[in-house]
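In case you want the letters, here they are:
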Amino acid sequence: MGMNSINTSPTVGTSPYYCGAQSTTPSYRTDDAIVQLKIDINAVVAGDEFLVKGLEKIDGTNVRTIYEATILPQSNKGWVSPMFMLRVGWDWSIEKVTGTDRSLPYDLIYVT
C-alpha cells in the first residue's frame, strides 16, 4: 500500500472540474483506493456556491454520484470529504453553482 496525492489549484467554473483527471474532461481512475478530498475554500465569498461530487462506476459502466456536498463561504476554512473505498472508475468533481469562478486548491489523497 502506498499513499498518493494529486495537489493543484484549478480555477473552477460552471463546467465540472475532475480532480483525479486534473481536467474538465472526465477520465475515471481504475485503481482500488481509499480516497479523501480536501479543498481550501478560503476564496469562496458571499454569493458563491460550489458543488462537490464523489463519483464511481459502481456497476463497472455507468457513473453514479456516491457523495454530494455544497460549499458555501467560510473564511479561513478547509473542506474535507469523508474517506471512501473506491475501485471501479472513480473521481471527484467540483463545479460552480452560483457566483464567480474561483481558484480552489485541493489535495486528492488516495491509498492504493
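For the structure, see preceding data.
Analysis parameters
- Residues numbered from 1 in each chain as written.
- Predicted model: local features only at pLDDT ≥ 70, side-chain atom pairs only at ≥ 80, totals over all residues.
- Heavy atoms only, no water.
- Patch = residues over 30% accessible without salt bridge, like charges linked within 9 Å, V, L, I, M, F, W, Y side chains within 5 Å.
- Areas by Shrake-Rupley, 256 points an atom, 1.4 Å probe, with all protein chains shown as cover.
- Salt bridge = Lys/Arg side-chain N within 4 Å of Asp/Glu carboxyl O.
- Helix = DSSP H or I, 4+ residues; strand = E, 2+ residues; numbered from the N terminus.
- Phe/Tyr/Trp six-rings, centres within 6.5 Å; stacked < 30°, edge-to-face > 60°.
- Buried < 20%, exposed > 50% of the residue type's maximum accessible area, 1.4 Å probe, protein only.

Digging into a nonpolar patch on the surface
A contiguous nonpolar surface patch, about 550 Å² in accessible area, is contributed by Met 1, Ile 34, Met 83 and Met 85. Within the secondary structure, Ile 34 is located in strand S4 (residues 33-40).

Comments concerning the packing of aromatic side chains
All told, the structure shown has 6 aromatic pairs when counted by the stated rule. Ring centres of Tyr 67 and Phe 84 lie 5.6 Å apart, and the angle between their planes is 55°; this geometry places the pair in the tilted category. Here the residue Tyr 67 occupies a position in strand S6 (residues 64-71), and Phe 84 occupies one in strand S8 (residues 84-86), the gap between them amounting to 17 residues. Of the residues examined, Tyr 67 reaches a relative accessible area of 24% and is grouped as partly exposed. For the pair Trp 90 and Tyr 110, a centre-to-centre distance of 5.8 Å together with 65° between the ring planes defines the contact as edge-to-face. Pair noted here: Trp 90 is in strand S9 (residues 90-98) and Tyr 110 is in strand S11 (residues 106-111), with a separation of 20 residues, a long-range link.

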